[in-house]
Amino acid sequence: DPKKVAVIGAGPAGLEAAIAAAEAGHTVRVYEKSNRPGGQFRIASIPPAKGELSCFINWQETQLNKLGVKVEYDTEATTDFMKENPADIVIVATGAEPVVPGIKGAGLPHVHTAIDVLSGKVNVGSNIVVIGGGQVGAETAHHFALQLKNVTLVEMLPDIALEEALAPRWHLLRSLDKRKVNILTDTTVKEITKDAVKVENKAEMEIPADTVIMAVGSRPNNKLAEELTAAGYQVKVIGDAGKVGVVMDAVAQGYDIGRNI
């Protein structure tokens, strides 16, 4: 039977769930607290050579328009909000939130997450230290190196961007080398001060920094799902809100949930 379905979060997983549920004949509304769709996937399209990623979000928007599904932006769905906007099933696709490690000085005003700097919420200086050499950190370092910033990338592991696919990783490493990004592996951050980052590998050193960018991973943002479940709603959690992973797995989850309501 057709049901009223609420999708909370307009990232790729949430949008795919909305498309699939609407195609299956359900009445669907999507609630997004920001003013645009895509979530972290749209931000992932900002670094060099990643712009085509945004085309997928544009395609999803087009499908929703064809299906007559409305996305309500600037709308934060809370438990009280859902009481006023009832639904038979709530699909929670609230994504993940950046991890901020307990490094001394992490709360200083010139320390920001990769999401905040890539989305343009904050301006950066000339001397940038990126903490975390995974795919996000390496691509963020490349992004600002192309802007002729002096960039240092700090990673605890012996190598960087290890989760990146083989060919893109090769090009990324070449680009970082070409742009003279200072890459420090097997290196631990000890402290952030107002004008430097203190690190340790074989020896201790200070790296001048007027901007520090945290790129040390994400964790599920599933507090709302827990609250809605406790309030008695039938809740389905998808994408990074359930477990941080790769986007295509999240999209597949969204499709499966939407089609099988």
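Everything discussed here concerns the structure shown above.
Below is a short write-up of the structure. Keep in mind it's a predicted model, so treat the numbers as computed, not measured. (Residues numbered from 1 in each chain as written. Predicted model: local features only at pLDDT ≥ 70, side-chain atom pairs only at ≥ 80, totals over all residues. Heavy atoms only, no water.)

**Some remarks on the sheet that holds strand β11 (residues 196–200)**
What the 3 strands build is an open sheet, ordered β10-β11-β12; its pairing is antiparallel. A single partner strand is all that each edge strand has here, and the edge strands are β10 (188–192) and β12 (204–208). This sheet shows a mean twist of 30 degrees between the axes of neighbouring strands, independent of strand direction. (Pairing = 2+ DSSP bridges. Helix = DSSP H or I, 4+ residues; strand = E, 2+ residues; numbered from the N terminus. Axes fitted to C-alpha atoms, helices over the stretch in contact; angles between N-to-C directions.)

**Brief notes about the environment of Arg219**
Residue placement: Arg219 occurs in strand β14 (residues 218–220). Taking the C-alpha atoms as reference, Arg219 lies 7.7 Å from Lys243; in sequence the two are 24 residues apart. Residues in contact with Arg219, not counting those within four places in the same chain, are Ala96, Glu97, Pro98, Val99 and Val244. (Contact = heavy atoms within 4.5 Å.)

**Considerations on the sheet that holds strand β3 (residues 70–72)**
By way of backbone hydrogen bonds, the strands of a sheet pair with one another, either parallel or antiparallel. The 5 strands lie next to each other as β3-β2-β1-β4-β15, forming an open sheet whose pairing is parallel. Strands with a single pairing partner mark the edges of an open sheet, and in this sheet they are β3 and β15 (235–237). The sheet shows a mean angle of 20 degrees between the axes of neighbouring strands, taken without regard to direction. Examined bridge by bridge, strand β1 (residues 4–8) and strand β4 (residues 89–92) share 4 bridges and lie parallel to one another. Each residue of the ladder has a partner; that of Val5, found in β4, is Ile89. Helix α1 (residues 12–23) contacts β1, β2 (27–31) and β4 of the sheet and is inclined by roughly 165 degrees relative to β2. Sheet strands in contact with helix α8 (residues 223–230) are β1, β4 and β15, and its direction is about 160 degrees off that of β15.

**With respect to the pattern of salt bridges**
On inspection of all chains with the given rule, the structure shows 11 salt bridges. A salt bridge links Arg29 to Glu72; its shortest N-O distance comes to 2.3 Å. Placement of Arg29 in strand β2 and of Glu72 in strand β3 is noted, with a sequence separation of 43 residues between them. The partner of Glu191 in a salt bridge is Lys104, with the nearest N and O atoms 3.9 Å apart. Placement of the pair is Glu191 in strand β10 and Lys104 in the loop between β5 (96–98) and β6 (111–113), with a sequence separation of 87 residues. With a relative accessible area of 57%, Lys104 lands in the exposed category. (Salt bridge = Lys/Arg side-chain N within 4 Å of Asp/Glu carboxyl O. Buried < 20%, exposed > 50% of the residue type's maximum accessible area, 1.4 Å probe, protein only.)

**Topic: the packing of aromatic side chains**
Under the defined criterion, the tally for this structure stands at 3 aromatic pairs. A ring pair is formed by Tyr31 and Phe81, whose centres lie 4.9 Å apart and whose planes are at 80 degrees; its orientation type is edge-to-face. Taken together, the positions of Tyr31 in strand β2 and Phe81 in helix α4 (residues 79–84) put the pair 50 residues apart, joining distant regions of the chain. Judged by relative accessible area, which is 5%, Tyr31 ranks as buried. For the ring pair Phe41 and Phe56, a centre distance of 6.3 Å and an interplane angle of 85 degrees mean the geometry is edge-to-face. (Phe/Tyr/Trp six-rings, centres within 6.5 Å; stacked < 30°, edge-to-face > 60°.)

**Observations concerning the packing of α1 against helix α3 (residues 53–67)**
α3 packs onto α1 with a crossing angle of 30 degrees between their chain directions and a minimal axis gap of 10 Å. Here α1 is positioned roughly parallel relative to α3, judged by the angle of their axes. Read as a crossing pair, α1 and α3 show a hand that is left-handed. Side by side, α1 and α3 meet where Pro12, Leu15, Glu16, Ala18, Ile19, Ala22 and Glu23 of the first sit next to Phe56, Ile57, Trp59, Gln60, Gln63, Leu64 and Leu67 of the second. Classifying every residue of the contact of α1 with α3 by side-chain character gives 10 nonpolar, 2 polar and 2 charged. (Parallel < 35°, antiparallel > 145°, perpendicular 65-115°, else oblique. Left-handed = near helix turned anticlockwise from the far one by under 90°. Nonpolar A, V, L, I, M, F, W, Y, C, P; charged D, E, K, R; others polar.)

**Description of helix α9 (residues 247–259)**
Note that an α-helix has 3.6 residues per turn; residues three or four places apart therefore point the same way. A rise of 1.5 Å per residue sets the reference length of α9, with its 13 residues, at 18 Å; its end C-alpha atoms lie 18 Å apart and thus fit the reference within 8%. Looking only at α9, the buried set comprises Ala250, Val251, Gly254 and Gly258. Taken around the axis of α9, the buried residues stretch over an arc of 100 degrees, which confines them to a single face. If you follow the buried residues of α9, they end up packed against α1 and α3. (Expected span 1.5 Å × (residues − 1). Arc of directions from axis to C-beta.)

**What about the packing of α1 against α9?**
Between α1 and α9, the least distance of the axes is 7 Å, while the angle of their chain directions is 25 degrees. When the interaxial angle is binned, α1 and α9 end up roughly parallel. For the pair α1 and α9, the crossing hand works out as right-handed. In this structure, α1 contributes Pro12, Ala13, Glu16, Ala17, Ala20, Ala21 and Glu23 to the contact, and α9 contributes Val247, Ala250, Val251, Gly254, Tyr255, Gly258 and Arg259.

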